[in-house]
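Each chain is listed here by its residues.
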Amino acid sequence: MVPLHGYLVVSALLFVIGVTGVLVRRNAIVILMCIELMLNAANLSFVAFSRELQNLSGQIFVFFVMVVAAAEVTVGLAIIVTLYRNWKTIHVDEIRMLKG
Amino acid sequence: MELFLFVIFSLLTVGSAAAVVWHPHPVKSALFLILSFFSMGGLYLLLQAEFIALMQVLVYAGAVMVLFLFVIMLLNLKPRGEDRTAFKVRIRWAGPLALLFVGGVLTAMTGALARVAPAGAQGPEWVVAQGGNIRALGRLLFTRGLLPFEVTSILLLVAVVGVMVLAKKERR
């Protein structure tokens, strides 16, 4: 059986790759994808801890995280489509109406 | 054997996640993300979470990524040269910081590990006695998690209505 630490290392790496992607990429869709990566990293540690602590609540939690992630993606992509319609770009450096 | 599969799946997951960030073309980023989600489903199988593994492949690698690819192709995005040079400057700073952050996250996680409660009662034998992972999860979901489950439907309804309002063309 692979120990918990193995899964935690994978989860930490995935989370940090997601954070890095949000910070360095400027394409709004890629930023949304990196947010998905971070949610998935959290899910992986939920399931790993669920096995380690022999408690299925972690997997129930992952189910709800997946529902929230699906809702978030649909709303986020709708916002991106609307942004593209108004600005003809989804480059987040060029969309700065709120910057003042 | 399990260790071998774990190494293969985790290398695939982390490697293709890095490719998502690295690749300049959004369509290829999305395809790498699908590969990453699939191999994460393999990791869930190794953790004996069959239901979550199925959901991972159906919801994430299926529905969510189809949505991503659909929007990318709808907007017809192409990589731009000036983005790439700015990206290379940023990654030079972000790379070492990210490694530092991995260290921080791991320290926090091992700190949490020191405080974990003793093992619960829902071990593999209990799950088998319940009739499998999916049956055990379903029973839990519809007893202890019933209220959150119903609230979820409201969340999905709000998301559907919100998307319709957002994506509707404004008439002037």
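Residues numbered from 1 in each chain as written. Chains lettered and ligands numbered in written order. Predicted model: local features only at pLDDT ≥ 70, side-chain atom pairs only at ≥ 80, totals over all residues. Heavy atoms only, no water.

**Looking at the domain arrangement of chain B**
The domain boundaries assigned to chain B delineate domain 1 (1–79) and domain 2 (132–172). For domain 1 of chain B versus domain 2 of chain B, the distance between C-alpha centres works out to 23 Å. (Domains from an automatic or database assignment.)

**Re the UniProt feature "transmembrane region" (unreviewed entry) in chain A**
Residues and elements named next belong to chain A. Within the UniProt annotation, "transmembrane region" (unreviewed entry) is assigned to residues 6–24, 29–49 and 61–84. Taken as a whole, residues 6–24 contains 100% helix and 0% strand, while its terminal C-alpha atoms sit 27 Å from one another. Annotation note: span residues 61–84, helix share 100%, strand share 0%, distance between end C-alpha atoms 34 Å. (UniProt positions renumbered as here; feature names shortened; annotations may be inferred. Helix = DSSP H or I, 4+ residues; strand = E, 2+ residues; numbered from the N terminus.)

**Regarding a nonpolar patch on the surface**
Together, Met1(B), Phe4(B), Ile8(B), Leu12(B) and Leu35(B) give the surface a local cluster of nonpolar side chains, amounting to about 510 Å² of exposed area. Of all the elements, helix 1 (residues 2–22) of chain B adds the most residues to the nonpolar patch, at three residues. (Patch = residues over 30% accessible without salt bridge, like charges linked within 9 Å, V, L, I, M, F, W, Y side chains within 5 Å. Areas by Shrake-Rupley, 256 points an atom, 1.4 Å probe, with all protein chains shown as cover. Salt bridge = Lys/Arg side-chain N within 4 Å of Asp/Glu carboxyl O.)

**Focus on the interface of chain B and chain A**
On the side of chain A, 71 residues touch chain B, which itself brings 82 residues to the contact. Overall, the association of chain B and chain A removes approximately 6,400 Å² of surface from exposure, summing both partners, and the carbon and sulfur fraction of that is 78%. At the junction of chain B with chain A, the criterion picks out zero salt bridges. Contributing elements (two or more residues each) for the side of chain B that touches chain A: helix 1, helix 2 (26–46), helix 3 (50–75), helix 4 (81–114), helix 5 (124–130), helix 6 (133–143) and helix 7 (146–167) of chain B. Residue composition of the side of chain B that touches chain A, by class: 61 nonpolar, 14 polar and seven charged. (Contact = heavy atoms within 4.5 Å. Buried area = accessible area lost by both parts, 1.4 Å probe. Nonpolar A, V, L, I, M, F, W, Y, C, P; charged D, E, K, R; others polar.)

**Quick notes on helix 1 (residues 4–24) of chain A**
Think of an α-helix as turning once every 3.6 residues; residues three or four places apart then point the same way. Taking 1.5 Å per residue, 21 residues should reach 30 Å; helix 1 of chain A reaches 30 Å between its end C-alpha atoms and fits that length. For helix 1 of chain A, the buried fraction is high: 15 of the 21 residues fall into the buried class. (Expected span 1.5 Å × (residues − 1). Buried < 20%, exposed > 50% of the residue type's maximum accessible area, 1.4 Å probe, protein only.)

**Here we look at the packing of aromatic side chains**
Residue and element names in this part refer to chain B. This model, assessed by the stated rule, comprises eight aromatic pairs over all chains. Their ring planes at 50° and their centres at 4.9 Å tell us that Phe37 and Tyr60 sit as a pair that is tilted. Taken together, the residues Phe37 in helix 2 and Tyr60 in helix 3 connect sequence positions 23 residues apart. This pair shows no difference in class: Phe37 is buried, exactly as Tyr60 is. Residues Phe142 and Phe149 carry aromatic rings whose centres are separated by 5.0 Å and whose planes lie at 70° to one another, so their mutual orientation is edge-to-face. (Phe/Tyr/Trp six-rings, centres within 6.5 Å; stacked < 30°, edge-to-face > 60°.)

**Some words on the nonpolar core**
Ranked by internal contacts, the top residues of the largest apolar core, which has 76 residues, are Tyr7(A), Ile29(A), Met33(A), Ile80(A), Ile52(B), Met65(B) and Phe68(B). Elements supplying a minimum of two residues to this core: helix 1, helix 2 (28–52) and helix 3 (57–87) of chain A together with helix 1, helix 2, helix 3, helix 4 and helix 6 of chain B. Among the domains, domain 1 (1–79) and domain 2 (132–172) of chain B are the pair contributing at least three residues each to this core. Beyond its immediate sequence surroundings of up to four residues, Tyr7(A) is in contact with Val2(A), Leu44(A), Ala48(A), Arg51(A), Glu2(B), Phe6(B), Leu43(B), Leu46(B) and Leu47(B). (Core = buried A, V, L, I, M, F, W, Y, C linked by side-chain atoms within 4.5 Å.)

**Some thoughts on the UniProt feature "transmembrane region" (unreviewed entry) in chain B**
As annotated in UniProt, the feature "transmembrane region" (unreviewed entry) corresponds to residues 6–23, 30–47, 53–77, 97–117 and 146–167 of chain B in the numbering used here. Segment residues 146–167 of chain B splits into 100% helix and 0% strand. End C-alpha atoms: 32 Å apart.

**Some remarks on the confidence of the model for chain B**
Mean pLDDT over chain B stands at 87; residues scoring 70 or higher make up 96%. Model confidence for the complex: the whole-complex pTM is 0.89, and ipTM, which rates the interface, is 0.91. (pLDDT = per-residue confidence, 0-100.)

**A look at the packing of helix 1 of chain A against helix 2 of chain A**
In a pair of packed helices, the angle between the axes and the distance between the axes together describe the arrangement. Residue and element names in this part refer to chain A. Contact geometry for helix 1 and helix 2: axes closest at 8 Å, N-to-C directions at 165°. Judged on the interaxial angle alone, helix 2 and helix 1 are roughly antiparallel. Of the two elements, helix 1 crosses helix 2, and the hand of that crossing is left-handed. The residues of helix 2 that touch helix 1, namely those facing Leu4, Tyr7, Leu8, Val10, Ser11, Leu14, Phe15, Ile17, Gly18, Val19, Gly21 and Val22, are Ile31, Cys34, Ile35, Leu37, Met38, Ala41, Leu44, Ser45, Ala48, Phe49, Arg51 and Glu52. Broken down by class, the residue content of the contact of helix 1 with helix 2 amounts to 18 nonpolar, four polar and two charged. (Axes fitted to C-alpha atoms, helices over the stretch in contact; angles between N-to-C directions. Parallel < 35°, antiparallel > 145°, perpendicular 65-115°, else oblique. Left-handed = near helix turned anticlockwise from the far one by under 90°.)

**Remarks on helix 1 of chain B**
When the terminal C-alpha atoms of helix 1 of chain B are compared, their 30 Å separation across 21 residues agrees well with the 30 Å that a helix rising 1.5 Å per residue should span. Turning to helix 1 of chain B, its buried residues number three or more, namely Phe6(B), Ser10(B), Thr13(B), Val14(B), Ser16(B), Ala17(B), Ala19(B), Val20(B) and Val21(B).

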